[in-house]
Amino acid sequence: MENQNSSDPRAEGLKLQANEAFKANKYAQAIDLYSQAIELNGENAVYWANRALAHSKLEEYGSAIQDASKAIEIDPRYSKGYYRRGAAYLAMGKFKEALKDFQQVKKLCPNNPDASEKLKECEKAVMKLKFEEAIAVPESERRSVADSIDYHSMGTVPNSSSLSTQAAVASVAVAIVAAVVVLVGTAAAAVVLMLLVCLGAYWWGYGGGLFSRSSDVDLDVEPQYSGARIEGDVVTLDFVKKMIEDFKNQKCLHKRYAFQIVLQIREMLRALPSLVDINVPHGKHFTVCGDVHGQFYDLLNIFELTGLPSEENPYLFNGDFVDRGSFSVEVILTLFAFKCMSPSAIYLARGNHESKSMNKIYGFEGEVRSKLSEVFVELFAEVFCCLPLAHVINGKIFVVHGGLFSVDGVKLSDIRSIDRFCEPPEEGLMCELLWSDPQPLPGRGPSKRGVGLSFGGDVTKKFLQENNLDLVVRSHEVKDEGYEIEHDGKLITVFSAPNYCDQMGNKGAFIRFEAPEMKPNIVTFSAVPHPDVKPMAYANNFLRMFS
């Protein structure tokens, strides 16, 4: 039942306009209209909860949690407040917090089957998380999955590392626990979980029994395989073109060659610093692209518009190659293959979605399991930790996925010295490089995403002055025109996934710089058709329930 405290006709009219904007996928406009309604009547829980949902659609989960919490404060029995806050927590991977909210939804709506279903799924997600935490191997004891793979060898290679074994066991355990949840209840499930953890600890501790034997990945190239092949150790342009053509026709690359590409790129990326300097010679050009998010056919359209990567036509792809779009494997293998073919033809930066926590929720992990194998899940996670965090072009243009910092005085040397070979932390320079966003007001503010921060034009100006730079180029945010120029022209956001998630209706963009002037020339483009595979097709089942 919707809360209608202190109804104001003008506020109600704005709410109706906002609802229409929301239905048209104009979420920023909807937020503005809900905000106007809130200014007229800040004691209506519906306005806050509706604005929370619009924030979630723009991936502004921090703001969504704040608005939903305000709705709950106004009306503690307003179930949609808990529901929308729980959904935002879920999107951030905060399953335990989400569970508390969905338990409250179930308490308020005991006969609602939708609430019961979502609570049950959330309980399973939390049980799985607890099990994975219980069996996790300390980082210092973890073996690199890459060490167990030799793509030169024919036959099979071990699909092994402590993590892949754990994932397989965790899947079985979670299935058992889920069954007990359904049949008996969560209390009995907790007992079963503890028994499984004890058994797992015993088996791991003594290295025997079922878990000492690993499954295999077959690297034999079958006689009937007609796809792209790498001859020897060299990735050639002919191979990349053939692979792209196969991908366009929804054919898979043989695992042997996928291993070769990913292992080669791992060695290349490990040798790079956290901040990479790029030199564009006099008379040459350079292209910077933003988020691609698994939209393979739009990536190919970029290459159609401005040419394939080469030493004469170099690119920088500024993070978030994967997740949400359902052709992320094709995107990442294509970008990695070009890098293997010619390291100076393409540069790659880490985005916030090149991380285990995001990949687990937003589709890349599931897609990799479906198209390749479990061992590739671990291998990609390792490689993503090797990606550089930022680039400087010709000593003047700072390119980073997210944004700037919570403190003044950060120098380029500080970024170069970051130990990036890890999953992104929840605070600090590395976190802020991947997650932060610009804001129109000066100074700094809380992040609308709930991670990182928002920073104003004065922060941008000071960072540029202190580091003798001219411009910040960043990505990370969908923009209606594919780009936005902010902070008195000192910061440009570029986003290269048009009609994001098949629903936003935005254009994509890329930026072309020509030396020596290095003035940004922004090119926009529209989405192209793709096969009928929906975005988020491989995403976490629980998250798909809310999309």
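Residues numbered from 1 in each chain as written. Predicted model: local features only at pLDDT ≥ 70, side-chain atom pairs only at ≥ 80, totals over all residues. Heavy atoms only, no water.

Participant: Go over the sheet that holds strand 7 (residues 390-393), please, and point to the residues and values.
Facilitator: Sheet strands associate in pairs through backbone hydrogen bonding, adopting either a parallel or an antiparallel arrangement. The sheet built from 6 strands is open, its strands ordered 3-7-8-12-14-13 with mixed pairing. Two strands in the sheet have a free side with no partner beyond their single neighbour: strand 3 (275-278) and strand 13 (483-486). Neighbouring strand axes in the sheet, compared pairwise and without regard to direction, differ in orientation by 20 degrees on average. The pairing of strand 8 (residues 397-400) with strand 12 (residues 471-474) spans 4 bridges and is parallel. (Pairing = 2+ DSSP bridges. Helix = DSSP H or I, 4+ residues; strand = E, 2+ residues; numbered from the N terminus. Axes fitted to C-alpha atoms, helices over the stretch in contact; angles between N-to-C directions.)

Participant: Account for unusual backbone geometry, naming residues and giving values.
Facilitator: The step from A515 to P516 runs through a cis peptide bond, and the omega angle for that step is 10 degrees. Tracing the backbone through its elements, the reader meets P516 in the loop between strand 15 (508-514) and strand 16 (521-525). Unlike most non-glycine residues, D323 shows phi in positive territory, near 80 degrees. The residue D323 is located in the loop between strand 5 (315-317) and helix 13 (328-341) in this model.

Participant: Provide a residue-level description of the pattern of salt bridges, including the pertinent values.
Facilitator: Scanning the model with the defined rule gives 33 salt bridges in all. Put simply, R416 and D277 hold a salt bridge, and the shortest N to O gap is 3.0 Å. Residue R416 is located in helix 17 (residues 412-416), and its partner D277 is located in strand 3; the two are separated by 139 residues in the primary sequence. Residue D277 is classed as partly exposed on the basis of its relative accessible area, which comes to 47%. A salt bridge links E365 to K360; the nearest nitrogen and oxygen atoms lie 3.6 Å apart. (Salt bridge = Lys/Arg side-chain N within 4 Å of Asp/Glu carboxyl O. Buried < 20%, exposed > 50% of the residue type's maximum accessible area, 1.4 Å probe, protein only.)

Participant: Tell me about the packing of aromatic side chains, and name the residues and values.
Facilitator: The tally for this structure, following the rule as stated, stands at 21 aromatic pairs. Aromatic side chains F22 and Y27 sit 5.1 Å apart centroid to centroid with 70 degrees between the ring planes, which places their arrangement in the edge-to-face category. Just as F22 is buried, Y27 falls in that class too. Note on F303 and F317: the rings are 6.2 Å apart at their centroids and 80 degrees apart in plane angle, and the pair reads as edge-to-face. Remark: F317 occurs in strand 5 and F303 occurs in helix 12 (residues 296-306); sequence separation between them is 14 residues. Judged on exposure class, the residue F303 and its partner F317 are both buried. (Phe/Tyr/Trp six-rings, centres within 6.5 Å; stacked < 30°, edge-to-face > 60°.)

Participant: Break down the packing of helix 3 (residues 45-57) against helix 4 (residues 61-74) for me, citing the residues and quoting the values.
Facilitator: Across the interface, helix 3 lies against helix 4 with an axial gap of 8 Å and an inter-helix angle of 165 degrees. Classified by the angle between their axes, helix 3 and helix 4 sit roughly antiparallel to one another. The handedness of the crossing between helix 3 and helix 4 is left-handed. In this structure, helix 3 uses A45, W48, A49, R51, A52, H55 and S56 to contact helix 4, whose residues at the interface are Y61, S63, A64, D67, A68, K70, A71 and I74. When its residues are assigned to classes, the contact of helix 3 with helix 4 shows 9 nonpolar, 3 polar and 3 charged. (Parallel < 35°, antiparallel > 145°, perpendicular 65-115°, else oblique. Left-handed = near helix turned anticlockwise from the far one by under 90°. Contact = heavy atoms within 4.5 Å. Nonpolar A, V, L, I, M, F, W, Y, C, P; charged D, E, K, R; others polar.)

Participant: Tell me what's going on with the packing of helix 12 against helix 13, and back it up with residues and numbers.
Facilitator: Packing of helix 12 against helix 13 leaves a shortest axis separation of 9 Å and a crossing angle of 35 degrees. Considering how the two elements wind past one another, helix 12 and helix 13 form a crossing that is left-handed. Seen from helix 12, the contacting residues are F296, L299 and F303; seen from helix 13, they are E330, V331, T334, L335 and F338. Grouping the constituent residues of the contact of helix 12 with helix 13 by class yields 6 nonpolar, 1 polar and 1 charged.

Bear in mind that shape data such as this cannot, by itself, settle questions of function.
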